[in-house]
Amino acid sequence: MAVGKVTFTREERDLLAKVLWMLNWISVVTGVIIFSLGLFIKVEIQKQRDVMSDQDILYVPHMLIATGLVACCINFLGGKICYDCVDGAKFTRWKLVMLPYIVCTFCFTFCVLVGALLCYSMRSQLEDSLQMGLRGAMRYYKDTDTPGRCYLKRTLDLLQIQFECCGNAGYKDWFAVQWVSNRYLDMTSPRVLDRLRSNVEGKYLMDGVPFSCCNTFSPRPCIQHQLTNNSAHFSYRHQTDRLNLWTRGCRQVLLEHYTGILQSTGLIVLLIWLFELLVLTGVRYLQTAMENLLLLGDLDSESDGWILENSLAETARWNLNVIKNLGKCYNVDDDEDPNINVPSTSQSHYTERSSCQGKRSTVQLRGPVFKIVQLEDDSGARRVQDGQ
């Protein structure tokens, strides 16, 4: 029994073809939208590439870009096919193309769904990339005179000012790294030398942060050195004065920034997937209705359309039998057909067998079965027997 069977009149078929023609052109626009979203995500990630690790996190925008380009091409072709389906005579030129086109469109629609789901599953990988990237950037913050690293100080300062954050997980992360270069330290000062010797790795660590961590909304001048020493500053308690520095870590702020973009993109792509699925369903109905119309031979008559000609179980069984018989193609005799017993799901199927004495052809249609037997004798004369 056909799944989703619908009977179409000629007017309904023409209307369906026209609507699908318009929807395919709208789908071209949605393909441009997917392409633009993928390009936008890639540009946004590239802006902060210096504070991310070398993990490959660009596969999502790359997939969206490729899917958008494929969507434009497939839907452009679909618009042309649906436009020609208004005329039954023009449909014949697309008859052999329709089924492969629907299969390709189904695969493309599946890729759109995968792209939408990936936008929601990228958070953990993005968080790991930001954590390792920010840790490395903070370590090289002081290397302003080292080629290949001299830009990291400016990058981190702009990042902390723009996103109002400080450190990796918080401002105390700067206490564990030396962010002042030795060239700006007074090596003759006993205090500096004692601090360097007190550290196993010889780093100059202090309870201070760069100026970019200062909170611009603080009512008092920024305190960025000796942050844990309450006596070093007048009327200061570092446990309670939270307005002096940005308290949120840059990793969390950037993660929320990118997560918001990815979730919005995923929602848009998911809506586009539902729209593409609707168009695919309509094209499938149009294809089956037009093929049945050609079998009937009357272009003005009604014809049936469906999503699947047989039930899901029968369709799966038929495909399984075809796959099994594909492996027998290399082990058959010359007079045997490996697919001779595979049931057909088309409107009619034709089986032909040949022998040295003559030829026998069998045509099976739905309803009464007619057999046409042609026998050829030794003299070349042919005798035809018809039976019902």
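Here goes a summary of the coordinates provided.

Criteria and cut-off values
Residues numbered from 1 in each chain as written. Predicted model: local features only at pLDDT ≥ 70, side-chain atom pairs only at ≥ 80, totals over all residues. Heavy atoms only, no water. Core = buried A, V, L, I, M, F, W, Y, C linked by side-chain atoms within 4.5 Å. Buried < 20%, exposed > 50% of the residue type's maximum accessible area, 1.4 Å probe, protein only. Helix = DSSP H or I, 4+ residues; strand = E, 2+ residues; numbered from the N terminus. Contact = heavy atoms within 4.5 Å. Salt bridge = Lys/Arg side-chain N within 4 Å of Asp/Glu carboxyl O. 1 Å grid on protein atoms, 1.4 Å probe; cavity = no way out; pocket = protein on both sides within 12 Å on 5 of 7 lines; lining within 4 Å. Points joined across faces, edges and corners; volume = space filled by probe spheres on them. Nonpolar A, V, L, I, M, F, W, Y, C, P; charged D, E, K, R; others polar.

### Section: the nonpolar core
Leu 156, Trp 174 and Val 209 are the most contacted members of the largest nonpolar core, which has 80 residues in total. Broken down by secondary-structure element, the contributors of at least two residues to this core are α1 (10–47), α2 (59–84), α4 (95–121), α5 (123–139), α6 (152–163), α7 (190–197) and α8 (250–296). With sequence-adjacent residues up to four places away left out, Val 209 is seen in contact with Cys 166, Tyr 171, Trp 174, Phe 175, Trp 179, Gln 224, Leu 227 and Leu 245.

### A short note on the pattern of salt bridges
Enumeration over the complete set of coordinates arrives at 10 salt bridges. The salt bridge involving Asp 194 is made with Arg 197; its shortest N-O contact spans 4.0 Å. In this pair, Asp 194 and Arg 197 both sit in helix α7, 3 residues apart, roughly one turn of the helix. Residue Asp 194 is classed as partly exposed on the basis of its relative accessible area of 46%. The exposed category is assigned to Arg 197, whose relative accessible area is 64%. For the salt bridge of Glu 201 with Lys 203, the shortest nitrogen-to-oxygen distance reads 2.9 Å. By relative accessible area, Lys 203 is classed as partly exposed at 28%. Each of Lys 142, Asp 143 and Arg 149 takes part in one network of salt bridges that share partners.

### Things to note about the side chain of Asn 75
As for its position among the elements, Asn 75 is in helix α2. Note on Asn 75: relative accessible area 2%, which makes it buried. Excluding residues that lie within four positions of it along the chain, Asn 75 makes contacts with Asn 24, Ser 27, Val 28, Phe 108 and Glu 276.

### A few points about empty space enclosed by the protein
Rolling a probe over the atoms, with the probe sized like a water molecule, indicates the empty space that remains. A complete count under the given rule lists 2 cavities of 30 Å³ or more for this structure. Space inside the second largest cavity adds up to approximately 50 Å³. Asn 24, Asn 75, Tyr 101, Thr 105, Glu 276, Val 279, Leu 280 and Val 283 are the residues that line the second largest cavity. Counting only elements with at least two residues in the lining of the second largest cavity, the list comes to α4 and α8. Counting residues per element, the lining of the second largest cavity draws most heavily on α8, at 4 residues. Classifying every residue of the lining of the second largest cavity gives 4 nonpolar, 3 polar and 1 charged.

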